[in-house]
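Close look at the chain arrangement
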Amino acid sequence: MDRFSWANGLLEINETLVIQQRGVRLYDGDDKAKLEAGAVLLTTHRLIWRDVKNHECCISMPLSQIIFFEEQAAGIGKSAKIVIHLHPTPANKEPGPYQHSKYSYIKLSFKEHGQIEFYRRLSEEMTQRRWENTPASQPMPTGTSTQAGRTRAVGIVGIERKIEEKRKETDKNISEAFEDLSKLMVKAKEMVEVSRSIANKIKDKQGDITEDETIRFKSYLLSMGIANPVTRETHGSGTHYHMQLAKQLGDMLQAPLEERGGMMSLTEVYCLVNRARGMELLSPEDLLNACKMFESLKCLLRVFDSGVMVVQLQSHSEEEMIASALDNVTDKGSLTAEEFAKLLGLSVLLSKERLLLAEKMGHLCRDDSVEDTRQDFVVGTIYALRRVRTDDARSRAPRARSSAPLAQIFTDPGSHSQESSDFSKERLQWIGARGYARLDAEISDGGR
Amino acid sequence: MRRGVGAGAIAKKKLAEAKYKERGTVLAEDQIIQMSKQLETFKSHLEEFASKHKQEIRKNPQFRVQFQEMCATIGVDPLASGKGFWSEMLGVGDFYYELGVQIIEVCLALKHRNGGLITLDELHQRVLKGRGKYAQDVSQDDLVRAIKKLKVMGSGFGMIPVGGSYLVQSVPAELNMDHTVVLQLAEKKGYVTVSEIKESLKWEKERASHVLDHLLKEGLAWLDSQAAGEPQYWLPALFSELTSRDITPEEANQMTP
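Everything quoted here is computed from the prediction, not taken from an experiment.

Rules behind the numbers
- Residues numbered from 1 in each chain as written.
- Chains lettered and ligands numbered in written order.
- Predicted model: local features only at pLDDT ≥ 70, side-chain atom pairs only at ≥ 80, totals over all residues.
- Heavy atoms only, no water.
- Helix = DSSP H or I, 4+ residues; strand = E, 2+ residues; numbered from the N terminus.
- Buried < 20%, exposed > 50% of the residue type's maximum accessible area, 1.4 Å probe, protein only.
- Contact = heavy atoms within 4.5 Å.
- Areas by Shrake-Rupley, 256 points an atom, 1.4 Å probe, with all protein chains shown as cover.
- Axes fitted to C-alpha atoms, helices over the stretch in contact; angles between N-to-C directions.
- Parallel < 35°, antiparallel > 145°, perpendicular 65-115°, else oblique.
- Expected span 1.5 Å × (residues − 1).
- Polar contact = N/O pair within 3.5 Å; in protein donor to acceptor, adjacent residues only side chain to side chain.
- Phe/Tyr/Trp six-rings, centres within 6.5 Å; stacked < 30°, edge-to-face > 60°.
- Salt bridge = Lys/Arg side-chain N within 4 Å of Asp/Glu carboxyl O.
- pLDDT = per-residue confidence, 0-100.
- Core = buried A, V, L, I, M, F, W, Y, C linked by side-chain atoms within 4.5 Å.
- Buried area = accessible area lost by both parts, 1.4 Å probe.
- Pairing = 2+ DSSP bridges.

The next thing to look at is the overall build of chain A. Along chain A, the regular secondary structure elements total 14 helices and 17 strands. The 448 residues of chain A split such that 47% are buried. In chain A, 59% of the contacts between residues at least 6 apart in sequence involve partners at least 24 apart. Of the roughly 23,300 Å² of accessible surface on chain A, a fraction of 50% belongs to carbon and sulfur atoms.

Right under this line is the structure:
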């Protein structure tokens, strides 16, 4: 640990951050260092460690100090570590947290994991040695020093021998695993070819296949993980398994759907179901295929224009959703998707879809402006209600609505009811110009 | 016309079989029966493999990558279904599907801040943190594969190449080439201005404004109109440890004038 120097944590010119990892504790050799809760940052030139609470406490070490490094696997109650062996301290090293150490290696203990990526990136940097090509603007003390040369050589030989042995052993295990894997893949490939041949025959109608046989074939494909577009066209991707799953899901989702206003996105369902299962989880495709088979059950799968997929209760009709959207917007005069989400207790994604649906049906109008708020942040789109104009706009109850799509006329901005105060003249023009074509004709009637 | 019923149909079928056997081709039905036997054999090979190397898959991300790539080469998707052999016997399924859940949760938790766009690095960090000390470590390749699977659920998951790594999108916002290029430009400093876009990409002001407005509307960018010079469009997804810090509400109250 005496190879580290105090640093300010800022990158030098030509120095780039490669990867950082939180939750890393430092060890001086085998002893825990006082530097226990921090993040380690790897740059093209240095290894930096910074305390998580006190950002002023920051130390660094040039990568040239590193001789080599190795992984130390996690154990019971022990985090995985990377052990880094270092050159002796150079004479011109800047002061750091340790004046002196009896060890020539340190350890990084990854309490929040991340050692795999870090090790990979560190290997890359140590191979590329980019600090040699583009020296950072401040001169870095390097790890070479002739005086320490001889002592270094002796220690290193032993260490290198140890790595070599370990590498050989790991290699042997891996290569056996890879060999077995290759053999397995050859057999799997045979299965793929057989299935292709069968699928082609089904397509060309060579021989009579019963429904049962087709279903069985599909379940074989499912087991092997083979996709088959031919059968999918004629019979869909679902199997008996998915049919059963659909029934289970239909029952299981009743209560959660009711709680969430009758609709949940497919990703919400995915998380809910898999969290409940704990094991033998469903793949996203399993879920999708099961939902496609809902048909005569209590829920259905629905895809919105945006591509968002939801599971919806049969009992929740489209009219109800649009009516509720209209009600809420009428109450408030105008609503953003976020506000609507809060009102209904829905996710922003789904509340937006409802408002879009109402817009599609001609009941709502969208004001797509970009607004500045007081904190200089930007708010999203606003959905506002189109008002029905009569000769006496003031007398008309603002909450009245008919079941037919509202007439596409705007209130005279000169008539000031509370709800229409949002509509300034500019906005009306803007909306008209944006291609809400039906408005143009009406607006030109006068009343602007 | 009903299939396979009655003496006439049986005779017809026998004739067809005979014809096919003459030519040396096998009927589809026979092949399906044959396949069922081959499947049993394959299953036992897989079981043997699993008993020897299941741990390797769990522990060694390199091995996982090799495994996935080999499967892809021969046309097999080991993650297609939880009911597949691969998933059941090697346990690969649960590993990736659970990761999928964790990825969705992290993205959802941060959406209010970054609009649904997050760097792969940050996602990786947060997923690791969420998994806790005693869970299996995951590599970025693992995350990428899990994300690819999430796409089928239509929630807008996708990956945008930026600055040597990726931005992970988790909302169905439409991002075309123009948007992507601006994101890439913003990657270095975490923000971008209209002038920078005009200079680097040689666009007109309207095109730059249009793209930036879209990013603002989707909640992916924040506008700093008080910046010296001209307004800056910041991307929360690109905020890094070195340039930003999470602060508590108390600290925030002390800092604002």
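Residues and elements named next belong to chain B. As a packed pair, helix 8 (residues 177–186) and helix 9 (residues 194–201) sit with axes 11 Å apart at the nearest point and diverge in direction by 105°. Taken together, the axes of helix 8 and helix 9 are roughly perpendicular relative to one another. Residue-level inspection shows Val181, Val182 and Leu185 of helix 8 in contact with helix 9, the latter providing Glu196, Ile197, Ser200 and Leu201.

Further remarks concern helix 1 (residues 115–128) of chain A. A rise of 1.5 Å per residue sets the reference length of helix 1 of chain A, with its 14 residues, at 20 Å; its end C-alpha atoms lie 20 Å apart and thus fit the reference within 8%. In the stretch just after helix 1 of chain A, Arg129(A) is the one whose phi turns positive, near 50°.

A few words now on the side chain of Glu117(A). Considering the arrangement of structural elements, one finds Glu117(A) in helix 1. Within the structure, the side chain of Glu117(A) is placed 3.1 Å from the side chain of Arg120(A), a separation counted as a polar contact. The residues touching Glu117(A), leaving out its near neighbours within four places in the chain, are Ile19(A), His124(B), Ser139(B) and Gln140(B).

Let's shift gears to the packing of aromatic side chains. For the coordinates displayed, the defined rule picks out eight aromatic pairs over all chains. Between Phe178(A) and Phe63(B), the aromatic rings sit 5.0 Å apart at their centres with planes inclined by 55°, giving tilted as the arrangement. Of the two residues, Phe178(A) sits in helix 3 (residues 149–204) while Phe63(B) sits in helix 3 (residues 61–74), which places them in two different chains. Residue class for Phe63(B) comes out buried when judged on its relative accessible area of 0%. The interplanar angle of 35° and the centroid separation of 4.6 Å between the aromatic rings of Tyr191(B) and Trp234(B) together place this pair among those described as tilted. Here Tyr191(B), found in strand 4 (residues 191–192), pairs with Trp234(B), found in strand 6 (residues 232–234); they are 43 residues apart in sequence, far enough to count as distant. With a relative accessible area of 25%, Trp234(B) lands in the partly exposed category. Taken together, Phe42(B), Phe67(B) and Trp86(B) form an aromatic cluster joined through their ring pairs.

Residues and elements named next belong to chain A. Assignment of secondary structure puts Thr44 in the loop between strand 4 (38–43) and strand 5 (46–51). On the basis of relative accessibility, which here comes to 2%, the residue Thr44 falls in the buried class. When neighbours within four sequence positions are excluded, Thr44 is seen to be in contact with Asn14, Glu15, Thr16, Val18, Leu63, Glu125, Arg130 and Trp131.

Applying the stated criterion across every chain, the model contains 24 salt bridges over all chains. Asp2(A) is the partner of Arg3(A) in a salt bridge, and the nearest nitrogen-oxygen pair spans 2.6 Å. No difference in accessibility class separates Arg3(A) from Asp2(A), as the two residues are buried. Between Asp178(B) and Arg207(B) there is a salt bridge whose closest N-O contact spans 2.9 Å. In this pair, Asp178(B) sits in helix 8 while Arg207(B) sits in helix 10 (residues 205–217), placing the two residues 29 residues apart along the sequence. For Arg207(B), a relative accessible area of 38% puts it in the partly exposed group. If you follow the salt bridges from partner to partner, you end up with Glu117(A), Arg120(A), Arg121(A) and Glu124(A) in one network.

Turning next to the confidence of the model for chain B. Mean pLDDT over chain B: 85, with 89% of residues reaching 70 or higher. Element-level pLDDT for chain B is lowest in helix 1 (residues 6–23) of chain B, with a mean of 68, against a maximum mean of 93 in helix 7 (residues 140–150) of chain B.

This next bit is on the nonpolar core. Counting residues in hydrophobic clusters, the biggest one holds 86 residues, and the most contacted among them are Trp86(B), Ile103(B) and Leu123(B). Among residues more than four places away in sequence, those in contact with Leu123(B) are Ile103(B), Val106(B), Cys107(B), Ile118(B), Leu143(B), Ile147(B) and Val168(B). Grouped together as the second largest cluster of nonpolar side chains are 28 residues, Trp49(A), Cys57(A), Leu108(A) and Phe110(A) included.

Moving on, we get to the interface of chain B and chain A. Taken together, the 77 residues of chain B in the interface contact 83 residues of chain A. With both sides pooled, the region where chain B packs onto chain A buries about 7,800 Å², and carbon together with sulfur makes up 65% of that total. Run the count over chain B and chain A and you get four salt bridges. Note that Asp180(A) and Lys52(B) form a salt bridge whose closest N and O atoms lie 3.1 Å from each other. Taken together, the links from chain B to chain A amount to 23 residue pairs in polar contact (both at pLDDT 80 or more). Broken down by secondary-structure element, the contributors of at least two residues to the side of chain B that touches chain A are helix 2 (28–59), helix 3, helix 4 (85–90), helix 5 (92–114), helix 6 (120–131), helix 7, helix 10 and strand 5 (222–224) of chain B. The dominant element in the side of chain B that touches chain A, judged by the number of residues it contributes, is helix 2 of chain B, at 15 residues.

Residues and elements named next belong to chain A. What the three strands build is an open sheet, ordered 10-12-11; its pairing is antiparallel. Each edge of the sheet is formed by a strand with only one pairing partner; in this case those strands are strand 10 (263–265) and strand 11 (299–303). Between one strand axis and the next, the sheet turns by 25° as a mean value, whatever way the strands run. With three bridges connecting them, strand 10 and strand 12 (residues 309–313) associate as antiparallel partners. From the neighbouring strand, Met264 faces strand 12, where its bridge partner is Val311.

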